[in-house]
Amino acid sequence: MTGNNTPAANYWALMAGSFLMGFGFVIADGCYIGSLWKAGQGKIASLISVVGIFLGGGISLAVQNAHLQTGAFSGSPTVMSWPITSVKIGLALFILVWVAAYVREQPEKIVKTGSKTIWLLSEATITVTILIILAGPKAAFSTAFLVLGLVFYWAGIALYIWARLKLGKYWSESIALRTGHKVVTDGPYKYFRHPIYIAIAIALTGAGLILQSPWGLAGTYLLTVPLLVLRAKEEERLLKKFGTKNLSD
């Protein structure tokens, strides 16, 4: 092995990923979900912990998968390197924009919250689906499906970034209304009521095709999408109940 694929290089990359992930969990006080919730409320330390966990876990998983010639289960075919590279670039861009938008325009104070159960279940299904796509059994998809997956994946990433930037200070990781909350009706919100959720579904579909994961595609539409629909309905209920007026400190 030569270049960046040497055992020593992989060792240090794995160590760096493990350190970042551990660092994130330390700041999160051992609770990822709690840290994610606090990040959605505007706490910078919690945001750092979430990014550390995601980046560290991603680096560790990438290094481990670099030595695998098959999927997580025996008999699974090898996934070509260029689609995986595209997924990594998209994920890095997603994290970069997410952090930059958060730092550039920190969210307002949360004044009303919706169902934590629905929120936690939706986050859990997204996480499970991602893990299935990354580490689950693979199928032999044709190149046409890989290309279609790239189109879906990048369309989802682009839509998410557009919607996230448009929401600005009214964005929330949790189901919540913020101080002075208003309904955004321009940008992607001119065409879709919940573009971020649509973007997540499209991006997961693309990733499932790119990484040749039939179970990941099933998870997207049997787990993630139904919970995102419930989450959208809960947001609508919260907005209808409290409206956007008189939301102040």
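Residues numbered from 1 in each chain as written. Predicted model: local features only at pLDDT ≥ 70, side-chain atom pairs only at ≥ 80, totals over all residues. Heavy atoms only, no water.

Asks: Which residues make up the overall build of the protein chain, and what values do they have?
Replies: On a plain count of helices and strands, the protein chain comes out with 8 helices and 2 strands. Each helix (α) and strand (β) of the protein chain, taken in turn from the N terminus, gives the series α-α-α-α-β-α-α-β-α-α. Counting contacts in the protein chain only where the partners sit at least 6 residues apart, residues at least 24 apart contribute 83% of the total. (Helix = DSSP H or I, 4+ residues; strand = E, 2+ residues; numbered from the N terminus. Contact = heavy atoms within 4.5 Å.)

Asks: Which residues make up a nonpolar patch on the surface, and what are the values?
Replies: Together, Phe 145, Val 147, Leu 148, Val 151 and Phe 152 make up a nonpolar patch on the protein surface, roughly 410 Å² of accessible area in all. Positionally, Phe 152 belongs in helix 6 (residues 143–167). (Patch = residues over 30% accessible without salt bridge, like charges linked within 9 Å, V, L, I, M, F, W, Y side chains within 5 Å. Areas by Shrake-Rupley, 256 points an atom, 1.4 Å probe, with all protein chains shown as cover. Salt bridge = Lys/Arg side-chain N within 4 Å of Asp/Glu carboxyl O.)

Asks: Quick rundown of the pattern of salt bridges? Include the residues and the values.
Replies: Throughout the structure, instances matching the rule amount to 4 salt bridges. When the shortest N-O distance is used, the salt bridge between Asp 186 and Lys 166 registers 3.3 Å. Linking Asp 186 in the loop between strand 2 (176–178) and helix 7 (195–210) with Lys 166 in helix 6, this pair joins segments that are 20 residues apart in sequence. Judged by relative accessible area, which is 36%, Lys 166 ranks as partly exposed. Note that Glu 234 and Arg 237 form a salt bridge whose closest N and O atoms lie 2.8 Å from each other. Placement of both Glu 234 and Arg 237 in helix 8 (residues 214–242) is noted, with a separation of 3 residues, approximately one turn of the helix. (Buried < 20%, exposed > 50% of the residue type's maximum accessible area, 1.4 Å probe, protein only.)

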